[in-house]
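Results of the structural survey
Now for the letters of each chain:
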Amino acid sequence: MESKNAKIVTCVAPVNIAVIKYWGKLDEELLIPLNDSLSGTLSTDFMRAKTTIMVSPTLQENKFWLNGKEQSFDNKRLDNCLKEIKRRANQELPILNWKLSICSENNFPTAAGLASSAAGYACLVSALAILYDIEGDISSIARRGSGSACRSMYGGWVHWCKGIKEDGLDSIAKQIAPASHWPEMRVLILVVSDGKKKYGSTEGMKRGVETSELITYRAQYVVPKRIEDISEAIKKRDFNTFAQITMQDSNQMHAICLDTYPPCVYMTNVSHAIAGLVHAYNSYKGSNKVAYTFDAGPNACLYLLEPEVEEFVSIVNYVFPPSDPQGYFQGMPLSMKDI
Ligand code: 2P0
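Read on for a plain summary of the structure. Owing to the predicted nature of the structure, the values given are computational and were not obtained by experimental measurement. (Residues numbered from 1 in each chain as written. Predicted model: local features only at pLDDT ≥ 70, side-chain atom pairs only at ≥ 80, totals over all residues.)

Topic: the pairing of strand 12 (residues 185-190)
Within strand 12, 6 of the 6 residues are buried, which leaves the element mostly enclosed by the surrounding structure. Of the two faces of strand 12, both are covered, the one formed by Met185, Val187 and Ile189 as well as the one formed by Arg186, Leu188 and Leu190. Relative to strand 14 (residues 300-305), strand 12 runs antiparallel, the two being bridged by 6 bridges. Directly across from Ile189, in strand 14, lies its bridge partner Cys301. (Buried ≥ 20, exposed ≤ 12 C-beta atoms within 10 Å, placed from the backbone. Helix = DSSP H or I, 4+ residues; strand = E, 2+ residues; numbered from the N terminus. Pairing = 2+ DSSP bridges.)

The structure is reproduced here in structure tokens:
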């Protein structure tokens with residue numbers, strides 16, 4: 001909507017679930033990663049961030065609300081995104097000098113290791129790009145808000161290339177295949193805990209870079225081949241290989257977290273029990289039918305194909321009877337999305 005005095009834009013942005021994890025930064029300021037990563041973007045039907053931004057000459061000061069609570073506007077990452085948007089904008093635009101009112105909300109637990117910052121910054125930057133008429137790739141701007149946000153700028157299967165430039169301008173996300181390429185793909189999120197995690201991923205990664213020897217080995221020797229192999233598996237729709245690489249990469253990320261000193265322990269006994277159940281199920285089926293991956297929290301993200309959903313969900317419900325029948329997303333297959 002646009003009026004003479006104010007401009008208002010609302011955007012929604014999806015969550016993405018990495019199968020090759022981003023873990024560690026080369027540049028803390030510009031959020032340039034140590035290694036490439038790859039993810040699937042989910043549909044916005046069940047999990048999404050929504051942001052409305054108003055710019056108006058009548059606003060006296062910048063304001064920012066997240067999930068109904070006012071936040072300080074004195075936020076370096078928000079500031080970095082705004083600065084880069086304004087740098088790329090037409091400098092004659094009168095709105096460049098107007099104040100902003102930003103209102104964001106997530107319809108899923110914030111900061112519980114469910115990629116809330118990825119969807120949040122992807123949404124914020126998309127809305128700002130519309131307001132200030134920015135063209136071209138804006139994933140490198142979203143990256144400056146939260147690294148993984150650059151992957152939520154595209155639908156389907158997305159590769160974030162770490163890039164080689166010091167200014168991070170080539171550290172961008174690219175779609176390698178649309179969601180429609182593998183339409184039977186589903187994601188189940190088993191919420192083990194929706195509480196705020198003990199240590200955020202930013203802190204965990206920083207400590208990892210400072211103290212883990214494994215993290216450099218992974219970035220140099222493991223990830224490049226995994227990116228190649230999983231991209232190939234996605235192109236061929238080879239679920240068995242896709243699942244093996246996904247589970248190995250999640251386990252390696254959490255091995256680095258344990259190699260960090262003091263260690264960052266994100267997975268709980270329940271998380272490990274879910275991983276065990278997936279391996280038992282795959283072994284009973286004779287090949288990989290379900291893949292788990294865990295982010296910086298205890299919740300399990302499971303990739304599986306549609307024909308497997310009903311049987312696997314019934315086993316999950318038998319082994320882990322939901323304490324709250326309305327429990328978040330448990331048993332609800334999420335689709336992927338092209339945006
Ligand atoms: C990922 N995670 O690839 C990995 C796996 C969590 C575990 O990207 O410091 O919130 O804001 O750049 O993007 C979460 O990290 O970290 C994340 P910052 P971000 O999805």
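Having seen the model, we can carry on.
Describing the sheet that holds strand 5 (residues 37-41)
Here we have 4 strands laid out as an open sheet, ordered 2-5-10-11, and antiparallel in their pairing. Only two strands of the sheet have a single partner each, and these edge strands are strand 2 (16-20) and strand 11 (173-177). Mean inter-strand twist for the sheet, computed between neighbouring axes without regard to direction, equals 35 degrees. When strand 2 meets strand 5, the two strands line up antiparallel, connected through 4 bridges. From the neighbouring strand, Ile17 faces strand 5, where its bridge partner is Gly40. Contacts from helix 5 (residues 214-236) reach strand 2, strand 5, strand 10 (157-160) and strand 11, with the element oriented near 115 degrees to strand 2. (Axes fitted to C-alpha atoms, helices over the stretch in contact; angles between N-to-C directions. Contact = placed C-beta atoms within 7 Å.)

Here's the deal with the site of the ligand
Lining the immediate environment of the ligand, one finds 15 residues, of which Ala18, Ser146, Gly147, Ser148 and Thr202 sit closest. Tallied by class, residues from the shell around the ligand come to 6 nonpolar, 7 polar and 2 charged. (Near = placed C-beta within 6 Å. Nonpolar A, V, L, I, M, F, W, Y, C, P; charged D, E, K, R; others polar.)

Remarks on the environment of Thr241
Structurally, Thr241 is set in helix 6 (residues 239-259). Among the residues examined, Thr241 registers 16 C-beta atoms within 10 Å and is labelled partly exposed. Taking the C-alpha atoms as reference points, Thr241 and Ala300, separated by 59 residues in sequence, lie 19 Å from one another. Here Thr241 is in contact with Asp229 and Ala233, once residues within four sequence places are set aside.

Quick word on unusual backbone geometry
A cis amide bond, omega -10 degrees, links Tyr261 with the succeeding residue Pro262. Summarising the element assignment, Pro262 is placed in the loop between helix 6 and helix 7 (269-285). Located in the positive-phi region is Leu31, a residue other than glycine, with phi close to 55 degrees. Position of Leu31 among the secondary structure elements: in the loop between strand 3 (25-27) and strand 4 (32-33). Classification of Leu31 as buried rests on a count of 25 C-beta atoms within 10 Å. Despite not being glycine, Arg237 shows a phi value in the positive range, around 55 degrees.

Interpretation note: all reported values are geometric properties and have no functional meaning in isolation.
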